[in-house]
Structures are given as C-alpha cells and as structure tokens.
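Reading the structure
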Amino acid sequence: MTELTEQVVREDVRHWLAANWDPERSLVEWRNQLADTGWGMPHWPQAWLGRGLPVALLPAIEAEFEAIGAVGVARIGIRLLAAATLLEHGSDGHKARFLRRILTGEDTWCQLFSEPGSGSDLAGATTRADFDGVRWVVNGQKLWTTSAHHSQWGLLLARTDWDLPKHAGMSYFIIDMTQPGIEVQPLRQMNGYASFNQVFFSDAAVPPENLVGKVGDGWKIAMTTLAHERRGADALRRWGRVSDRQGHIYDEERQEIETVMEPYRWYAQRAGRVDLVLPRAHETGRLADPTVRQEISRLLMLSRCAEWLAHRARHAKELGRPEGPEGSLGKLAASNVARAAANVHRRVSGASAMLAGTDGPHDGLIAEILLSVPATSIAGGTDEIQRNIIAERVLDMPKEPRLDTGPFRDVPRNPPRAR
Amino acid sequence: MRFAFTDEQEQFRTSVRRFLRDRSPMTEVRRLMTTPKGYDPTVWQQLGQELGLAGLQVPVQFGGQGFGFGELGIALEEMGRALLCAPFFASAVFATEALLNGATESEQHALLPQIASGERIATLAWAEHDGRWETSSITLSATETRDGFVLNGTKNFVIDGHIADCIIVAGRIINSFGDDGVALFVVDAPCSGLERRLLETIDTTRKQAELTFNQVPARRLGHAGSGAAALRRTADHAAVALSCEMVGGARVLLENAVEYAGLRMQFGRPVGSFQAIKHKCADLLLDVELANAAACCAAAAIAEADPEVPALAALAKACASEAYLRAATEAIQIHGGIGFTWDQDTHLWFKRAQSSAVMLGDASYHREKYLQYVEAAV
C-alpha cells in the first residue's frame, strides 16, 4: 500500500491535471469529471464523489490546481453548507440526487432559517410544515435569504409539532424553490442595497422523501449547517476571487462568481474599511488634530490586536483543536473594530460625512461605510448573543432562567408580520 | 510572531505559579505592603537562586539563565497575578535591561552576575519631577572628575530606589544638549551625598523613592554617546515587560469577579446570571485577550530582535494600561459594596492598575507614539 504522503498526492493530482485540464472545456463538463474522479472534493468519501483523503492534504491539492490555473468545483454561496449537511444527515437518495449538481454549479441553494419573528432565537421559528397524508404542506415566512430568487433548492427549518418544546418540534426539509407556493421578494436594507430576500410560503409542497433525518431532528441538523457556515466564512473571499486568465471556462466561471458575489459587494464597507482611515486623514488634513490622532491610533491598535486574535484561533484550528466558542470573541472584536472605524471615518470626513453618492467622499464609499457598519454587530449572531456565548461557555457563568421550555404552543411569541 | 506557548513554557508557568501561590499568598502581600522595605529577603533569595528568575533573560555568560523575553513575559504575568511584593521589575527588568542595552561587555561581566542571582538589587533612576521616561527630560548633571563623574540632581519615581544597592542613573553630561550628552552611570548605594526618600504611593505593593544626588561619585557605563539609544531600547523592553505583568493582573481580576458573580445571590439568583453582569465580563475577557495578544506578540518581537519592537511596545503598553484599568474598575463594580472595602482584595490590584497605567507613559502617550511609527512606516 502506498503511503499517502503529501508528495504522492501532489504528484497524482499534477499528472491527472496535466492529462485532463483544458481551459476551453465547458464548466459543467469539467466539473462533472472532477466529481467522477473525486478530485473536486478529495476529502469527501469515495462513495460520494470524493477520494476519502485527509483534510490536511487539501491545501497541497488546491495549490496544484492553482499552479496550473485549473478551475475547481462550485463552492461559493450556500451550496457547500447544503452538501456538508446532506453528507452528514442526508439519505443515500439525497446524496445521489443532489451532491453532483451542487458541485457542478448547476443547482443553487438557499438557507431558510431566520424569520421575522425569530432572529437571535432561531429555535422560535413558526413557519409550519404539516403532513397531509401525501406530502408536507409549508406555510409561513423566512427572511434574510441570500440567493433565494435564483435558487433551485432551499434548506428549510420548519415546525412540525407545536406540543413539544421549541427545539424538539422542528424538522429539516429540502424544498423546491421553483414551485408556485413560494414567493420571493427582495428585502431592501438601510444602505440601499437589496442583498437578501424574504420568502413567503403558501401551501408549498415537500414530498416525504425530502425530509432530512427524522421528524424532530431539525434543530440538530440546522446546527450542523451553521457550524459549516462559520467555517466557510473565511473561504468566501478566496473563492470569490475572479481570475483574469483567458479561456472559455474562465468566462463561465467569472459569470458564476459575479452572480453569486453580487450580494456581498458592500461587505468590505460593513467591516469599517480600516485600511482607508490613514489615507483619508491625510487627504482631509485631520491628522494634525491630536484628538483625531488618538482615535485613529486606538482604532489601528484594536484592529491589529483583533487580527492577532483571529490568527491565534486559526493557529489553534491548524493544531487540530476544536473550534470552540472562542470564535465569538473574534466576532465581537470585529464589531468593535467596525464601529470604531465608522466613527473615525465620520470625524475625519467632517461635514462631507453628510454626503452620499457622487456628492460624497470617494463617490459615496464613506457614506456606504457609515450605513453598512450597523450590520456587523447583528448579522450572524448579534453582539449580545456573542456576549452570552462568551459568558456562559468560555467563562462558565450561570445561565439566564428561561421562560420558553414548555410546549411551544404556550410560549409567548411575536405576531405575524404584515406583508 | 508567537501565538501559542510551548509545553516547556506552560510547565515553566505552572512552576512559577506554584511558587508564588506558596510563597506570596495575599496574606503575605498584605503584610509586606505595610513594611518600609516592601519585600521578603528569604523569598527574594529563593526566587533568584532556586528558580533563577532574577536573571531569566540574561545570557549565561553573565550569570543568567539565557532564556528569551517570552519566558520573562510568562514570569511577569504570574507575578502580576500574585501581586508579588519584590524588587523584580526594578532589578531583573528595568536595571537589567539598561545594562544589557547600555553597558559594555566588561561592565556587564562585572555587574550582571550578582544582579542575575538576586544577591544585589538594582534599579534604574530615569524620570525626574516631570514624570517622563524620555531622554529629553533628563536634567541630572554629570561632571567629569579625575576618577569618574560626580552626579547632581534629583530622580523621582525610582522603583525600589530606597532599597537598591546598585543604582543605574540616567544623567546628562554637564552643559550638553540633545541625545549626545545623555549617559548611563552606576552608583553603589548607600553612599555619601545620596539621599533617598520613600514616597507615599497609591500602590504600596510596589515601592517608589525620590533620590537626591549631591556630589555623588559615579562611574559611566557604555560608550560615549550611546546612552540615549540604550535608554530608549530599555524603555521599550520595560514597557513590554510591564504589559505582560498588567495582563496577568487583569486576567486574575476577571477570574475573581466571575467567581464571585457565580456565588453572590440577589433576587433569588446568582448575580452572574444577569446579562448586565455577563456582558460586562464578556467585554472584559475580550479586552484581556486583545491586550494579551499584544503583549505576547511584543515579547516575541523582542526575542526575535524584530525592528518593529518600538511600535509594538507602544501598542502593548497602551492596550494593557486600558485593559487593566477597565478590569479593575469593573471588578470592583461587580463585587458591589464589598468591593469597596479594605478587607476584600480587589482594591490591591486596582491600585497596581492605576499606578502601572501611568508608569512608563500612559495609554494616550503610547497611542501617539504608535501612530508616529505607523506614519513613518508608510
């Protein structure tokens, strides 16, 4: 038996790429071949489009792809969360039916978890799925759904039992997003973009075979999806990079990336654009003001320390330590950085901080920072939720008494939101 | 940069922590802080000779242990936790770094071994009445004589200056201007013409003295013209060391506050179950972790002789100053009324935090310094 050293794997993939890679092929055809050979997702099981290789070898394989400019399987968006969830909890039927078209990029997926009435308290979802003897019938509303308007499939968390406690009464479904019972509307944000959707279900149908796991497993399975969401966040930027190489397949890939990355155009501004602070202060002459200097320096220090903290968390992960609630510290730090950066940008810009669009500094970029930063401390778990996680799971402080442990039917909740 | 400690470093931390738990419990801290001397000579001797802590970062050829600044940082974190009452910072950090950075090799051979073993206690007298650790603030004058120099002037905020038997003095060659005239001198104490007055301080766990020099004979250290640069390096290293100590103090304050909040019952539940308290603690943990990252990276930078040391030292000191103060302020708040009493220990760290926040320059001072380094780098 050959030992699977990095060197051996590198040579394998290099030979295979040399024999098969051609930038003039069609994207779907190429990705089908990646799925067939397992080189697209080498760490997936051999039975399911992978090669069963250890995760530790992935960087070496990716490096070989990058060296020759070979395009990989489709990765951006929700698709890999869907794939990871199905690999872990899906039936063989689900895997056979869905995994391949996830990797080829032919199917786009969306995640239907958050609702108008349940944001931080995801387990308080009230979108319902009732079995009518033939199929599950879905009614309710989801919110903050990226890509819902061009998705084929959705990962749906819905309530199937109202007499059980909240976490126990939920189930997890794969729902066809192209059916008439689903209406998708863009949701406009305070910064003017509409990057997300609201999704309305009116007697939408799910066939019984599209239940994932068992009835009542919904919460557990949703946690799998969310764990992968946190891990995938780092990779978003890397995979979203557009190649400037020549060839038919790159044109197709560019088109795909543009579509999927469109909702994330303002994300850099959401983080506060610390990189722009010093150049802006030079431009506006505010670097001479000692109080502004103090604020800038405080921000740069905070941002640098936060990078170290993130680096340390990554380092611990590389050493094989499980990713723990420490991630919440990093998220809270990022919120603090973004807010501090917005405050400094406003001070540095002076009166022109009132202006937006082409009248505003840097064609509205500064305005976009000021109007996007508030999302940082809310999206992906509010600062308050992060503080609870830090206090209860890192510092081991006592939990808040709960009022929502009985049958969900009796738990006080929000009235439905008017359309 | 260092992002994780090695197993050896963790073992080292454990042994220092055990020693301090046994030999410097809070009862001892409370006893020693009321004595004029301020330390226990037996514990100091054990710390120097059994543990070799007094010469941790000193090269072996000068009688030290030859470890890096990383190990020194670990020892200081533990001392900051324990609020150790001993002339460690003055002797093993401030004076030792002045000698490592500013003395010639033969002077180091002559002076360092006894300091590294703890036999002699040294300190660095730098700041004067304006309370600035800058070379431009040095006015104490040095006049050359037939067999050395005589010093005239006053030094303030001299850490453990009342007990040190080897005083490194930052002086100015008489009638000189600018950095070129700044030099380091060594004075053996006690000696005629040197008057030492123990200062009344907020933080009684670390003593400070005012030293008045009246025709005090002294020897010059280092090569002519090298004093200012040596002092600046010393200040950077001392700021990083102090940051490590402060992070240790901030962390133990948070641990104690969290423990108390879990026990203290009000309104039928532990106060630690209220989000008002939990969120405060979560924010404090973030502050401590950020300051810790800064201090560790700065210490690693010194160990690796990274050119960014001056900038990172400013960053570490600013972050540690604010994190420690905030932890101390909130720790008292979380303890409530009991936290304002003399018998509860929190105020002892609070006083160390107040004092350390301004020693070697406060957070605002270091923020300005950091920005200047960043501007120079772009």
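Along its length, chain B carries eleven helices and nine strands. Radius of gyration (C-alpha) of chain B: 21 Å, near the 21 Å computed for a compact globule of 378 residues. Across its three principal directions, the C-alpha atoms of chain B cover 80 × 50 × 40 Å. Burial status across chain B gives 54% buried among its 378 residues.

With that settled, the discussion passes to the overall build of chain A. Summing up its helical and strand segments, chain A has 13 helices and eight strands in all. For chain A, the C-alpha radius of gyration of 23 Å lies close to 22 Å, the compact-globule estimate for 419 residues. With the C-alpha coordinates aligned to their principal axes, the bounding extent of chain A is approximately 70 × 65 × 45 Å. Sequence-distant contacts in chain A: of pairs separated by 6 or more residues, those separated by 24 or more amount to 71%.

Within the secondary structure, L27(A) is located in helix α2 (residues 27-37). The contact partners of L27(A), leaving out residues within four places of it in the chain, are V71(A), G105(A), I249(A), E252(A) and E253(A).

Let us look at the packing of helix α4 (residues 79-89) of chain A against helix α5 (residues 92-104) of chain A. All names here are of chain A. As a packed pair, α4 and α5 sit with axes 10 Å apart at the nearest point and diverge in direction by 155°. The pairing of α4 with α5 is recorded here as roughly antiparallel in orientation. By crossing handedness, the relation of α4 to α5 is classed as left-handed. Facing R79, A82, A83, L86 and L87 of α4, the residues of α5 in contact are H94, K95, F98, L99 and I102. Residues that form the contact of α4 with α5 fall into these classes: seven nonpolar, one polar and two charged.

Segments scoring low in pLDDT should not have their predicted coordinates read at a detailed level. Across chain B, the average pLDDT comes to 97, with 99% of residues at or above 70. Overall fold confidence (pTM) sits at 0.92, and the ipTM for the predicted complex is 0.95.

Between A189(B) and the following residue, P190(B), the backbone shows a cis peptide bond with an omega angle of -5°. You can see P190(B) is positioned in the loop between β5 (182-188) and β6 (194-198). With a phi close to 65°, W144(A) is a non-glycine residue in the positive phi region. Along the chain, W144(A) falls in strand β3 (residues 136-145). On the basis of neighbour count, W144(A) is assigned to the buried category, with 21 C-beta atoms found within 10 Å. At L83(B), a position not held by glycine, the phi torsion is positive, near 55°.

Moving on, we come to the interface of chain B and chain A. Facing the 32 residues of chain B at the interface are 31 residues of chain A. Elements represented by at least two residues in the side of chain B that touches chain A include exactly α7 (227-263), β9 (269-270), α8 (275-303), α9 (309-335) and α11 (363-377) of chain B. Counting residues per element, the side of chain B that touches chain A draws most heavily on α8(B), at 13 residues. Of the residues contributing to the side of chain B that touches chain A, the split by class is 20 nonpolar, six polar and six charged.

On to the domain arrangement of chain A. Considered domain by domain, chain A is made up of domain 1 (7-73), domain 2 (75-87 + 105-265 + 404-419) and domain 3 (267-381). Using only C-alpha atoms to locate each centre, domain 1 of chain A and domain 3 of chain A end up separated by 37 Å.

Residues and elements named next belong to chain B. One can read the domain layout of chain B as domain 1 (7-120), domain 2 (123-225) and domain 3 (228-377). Counting from both sides, the interface comprises 22 residues of domain 1 and, opposite them, 18 residues of domain 2. Of all the secondary-structure elements, those providing two or more residues to the side of domain 1 that touches domain 2 are α5 (88-102) and α6 (105-116). Examining the composition of the side of domain 1 that touches domain 2, we find that eight residues originate from one element, α5, more than from any other. For the side of domain 1 that touches domain 2, the residue count by class is 15 nonpolar, four polar and three charged.

Let's shift gears to the environment of V277(A). All names here are of chain A. Take V277: it is sitting in helix α9 (residues 277-284). Of the residues examined, V277 has 21 C-beta atoms within 10 Å and is grouped as buried. In this structure the C-alpha to C-alpha distance between V277 and L287, which are ten residues apart in sequence, comes to 10 Å. Not counting the four nearest positions on each side in its chain, V277 is found in contact with I296, L299, A341, V344, H345 and V348.

The next thing to look at is helix α7 (residues 248-261) of chain A. Residue and element names in this part refer to chain A. In this model α7 runs 20 Å from its N-terminal to its C-terminal C-alpha over 14 residues, within 8% of the 20 Å that 1.5 Å per residue would give. Every buried residue of α7 is listed here: I249, E253 and V260. Along α7, the residues classed as buried sweep out an arc of 35° about the axis, all on the same side. Along α7, the residues that are exposed and aim more than 90 degrees away from the buried face are Q255 and E258. Each element contacted by the buried residues of α7 is listed here: α2.

Time to look at the pairing of strand β3 (residues 148-159) of chain B. Residues and elements named next belong to chain B. In the sheet, strand β2 (residues 141-145) pairs with β3 via five bridges, with the strands oriented antiparallel. Bridge pairing in β3 places T145 opposite G148. Linkage of β2 to β3, two consecutive antiparallel strands, is achieved through a turn of two residues. Sheet analysis places β3 next to strand β7 (residues 208-221), joined by nine bridges and oriented antiparallel. Pairing of G153 across the sheet is with F213, part of β7.

What counts and how
- Residues numbered from 1 in each chain as written.
- Chains lettered and ligands numbered in written order.
- Predicted model: local features only at pLDDT ≥ 70, side-chain atom pairs only at ≥ 80, totals over all residues.
- Helix = DSSP H or I, 4+ residues; strand = E, 2+ residues; numbered from the N terminus.
- Rg over C-alpha atoms; globule rule 2.2 N^0.38 Å.
- Buried ≥ 20, exposed ≤ 12 C-beta atoms within 10 Å, placed from the backbone.
- Contact = placed C-beta atoms within 7 Å.
- Axes fitted to C-alpha atoms, helices over the stretch in contact; angles between N-to-C directions.
- Parallel < 35°, antiparallel > 145°, perpendicular 65-115°, else oblique.
- Left-handed = near helix turned anticlockwise from the far one by under 90°.
- Nonpolar A, V, L, I, M, F, W, Y, C, P; charged D, E, K, R; others polar.
- pLDDT = per-residue confidence, 0-100.
- Domains from an automatic or database assignment.
- Expected span 1.5 Å × (residues − 1).
- Arc of directions from axis to C-beta.
- Pairing = 2+ DSSP bridges.

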